[in-house]
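So you can see what is in the structure, the chains are spelled out below.
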Amino acid sequence: MVSARSRCVFAVAVILGPLVMQASANGTSPHPQVAVSFSNTTPEKNQKVTATACWSNTSVGEVVELDAGLGTKLKWRPIQRFRVTTPSGCHAWNVSTGTYGLHQFIVRTYAKKKVVAKGRISHFVTYGAVPVGTFFQSIFQCWGLGTVSNGTNVYPEGCNFNTGNYSASSPNVTNFASKTTCRSITVNMLATDNFGGDTNSVGSEYFDLIQATSSPQILNFGDNQVITHTFTLDGSAANVETWGVGDSNNLYYNRISILSTGSADCSSPSGV
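Anyway, here's the lowdown on the structure attached to this text. (Residues numbered from 1 in each chain as written. Predicted model: local features only at pLDDT ≥ 70, side-chain atom pairs only at ≥ 80, totals over all residues. Heavy atoms only, no water.)

In this section: the sheet that holds strand β15 (residues 217-222). In sheet architecture, strand pairing relies on hydrogen bonds along the backbone and comes in two forms, parallel and antiparallel. Across the sheet, which stays open at both edges, the four strands sit in the order β12-β17-β14-β15 with antiparallel pairing between neighbours. At either end of the open sheet lies a strand with only one pairing partner, and these are β12 (172-175) and β15. Taken over all neighbouring pairs, the strand axes of this sheet differ in orientation by 20 degrees on average, direction set aside. Sheet topology places strand β14 (residues 204-210) next to strand β17 (residues 239-245); seven bridges connect them, and they run antiparallel. (Pairing = 2+ DSSP bridges. Helix = DSSP H or I, 4+ residues; strand = E, 2+ residues; numbered from the N terminus. Axes fitted to C-alpha atoms, helices over the stretch in contact; angles between N-to-C directions.)

It is worth spelling out helix α2 (residues 132-140) at this point. Counting buried residues along α2, seven of its nine residues qualify, which places the element largely inside the surrounding structure. Of all the positions in α2, only Val 132, Gly 133, Phe 135, Phe 136, Ser 138, Ile 139 and Phe 140 are classed as buried. If you follow the buried residues of α2, they end up packed against β9 (128-131), β11 (154-162), β12, β13 (182-192), β17 and β18 (255-266). Positioned one or two residues after α2, Gln 141 has a phi angle of 55 degrees, which is positive. (Buried < 20%, exposed > 50% of the residue type's maximum accessible area, 1.4 Å probe, protein only. Contact = heavy atoms within 4.5 Å.)

Phe 135, Phe 136, Ile 185, Met 189, Phe 207 and Ile 258 are the most contacted members of the largest nonpolar core, which has 29 residues in total. If you list the elements that add at least two residues to this core, you get α2, β11, β13, β14, β15, β16 (226-232) and β18. (Core = buried A, V, L, I, M, F, W, Y, C linked by side-chain atoms within 4.5 Å.)

Further remarks concern the sheet that holds strand β5 (residues 89-96). Strand order in the open sheet formed by three strands is β1-β2-β5, and the pairing between neighbours is antiparallel. The two strands at the open ends of the sheet, each matched to only one other strand, are β1 (33-38) and β5. Neighbour-to-neighbour, the strand axes of the sheet open up by a mean angle of 20 degrees, direction not taken into account. Strand direction decides the pairing type here: strand β2 (residues 48-56) and β5, joined by eight bridges, are antiparallel. Opposite Ala 51, over in β5, you have Trp 93 as the bridge partner.

In this structure, Tyr 253 sits in the loop between β17 and β18. Judged by its relative accessible area of 47%, Tyr 253 is partly exposed. Residues Tyr 253 and Thr 192, 61 residues apart in the sequence, show an inter-C-alpha distance of 8.5 Å. Residues within four places of Tyr 253 in sequence aside, it is in contact with Asn 162, Gly 164, Asn 165, Thr 192 and Asp 193.

A few words on the pattern of salt bridges. Enumeration according to the criterion identifies four salt bridges in this entry. One salt bridge in this structure joins Glu 65 and Arg 81, with 2.8 Å as the shortest N-O distance. Separated by 16 residues along the polypeptide, Glu 65 in strand β3 (residues 63-70) and Arg 81 in strand β4 (residues 75-83) bring together distant segments of the chain. (Salt bridge = Lys/Arg side-chain N within 4 Å of Asp/Glu carboxyl O.)

Now the structure itself:
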């Protein structure tokens, strides 16, 4: 009697047999392959990410090498090597994310200094903090306008956006000067009808960030409140719409001030 296990082995042999015979008849073997991937493709600067190189159909003793691309012409510089002990497998290294921007890599296998296999170019983009003043100077050409008060405290101000005499149907529009390299910005904001301070300033102000590929982000807050908010950025040349409701002092136009504290998270030191 043939056991169930024997029948299973026989069935696998029948399925694989033609493939093995075909490979032998052609006199070919699978081509060596190698590739690299990263644990994080949008990291923060000066951190560590894991680069994992995987190879297959490689001869034992060959060397897997990870190279970093330098300059616009991608002059490759070896940064890591590993001698393989199995025909197929993976090996991981810790790689520094470096400074802002695009970092490109390639992995290859060598036998006696001759390239046996080469993977595709892989990359990650490094982000880092950009002062809010640098961002607004790049995007709105404004920064360092003086101070603003909520009637109790005085704060350094960078930019401001007019909300007086505007409405949701006809807001004040301020356009970005260019696209950005940023994925977020955290700002501190204060609205008032008098930069010198007015504890009686009463109004509800709206700040609406409109971008090309993201939903509008509308922020609503009352006068004389210092608020902190993080906006998600999609890199587009966007615009800001501002307006107010219930402003109380007809002698002054209400404005939203961007205070000098805060930062953007960008892949370039200027934000553009």
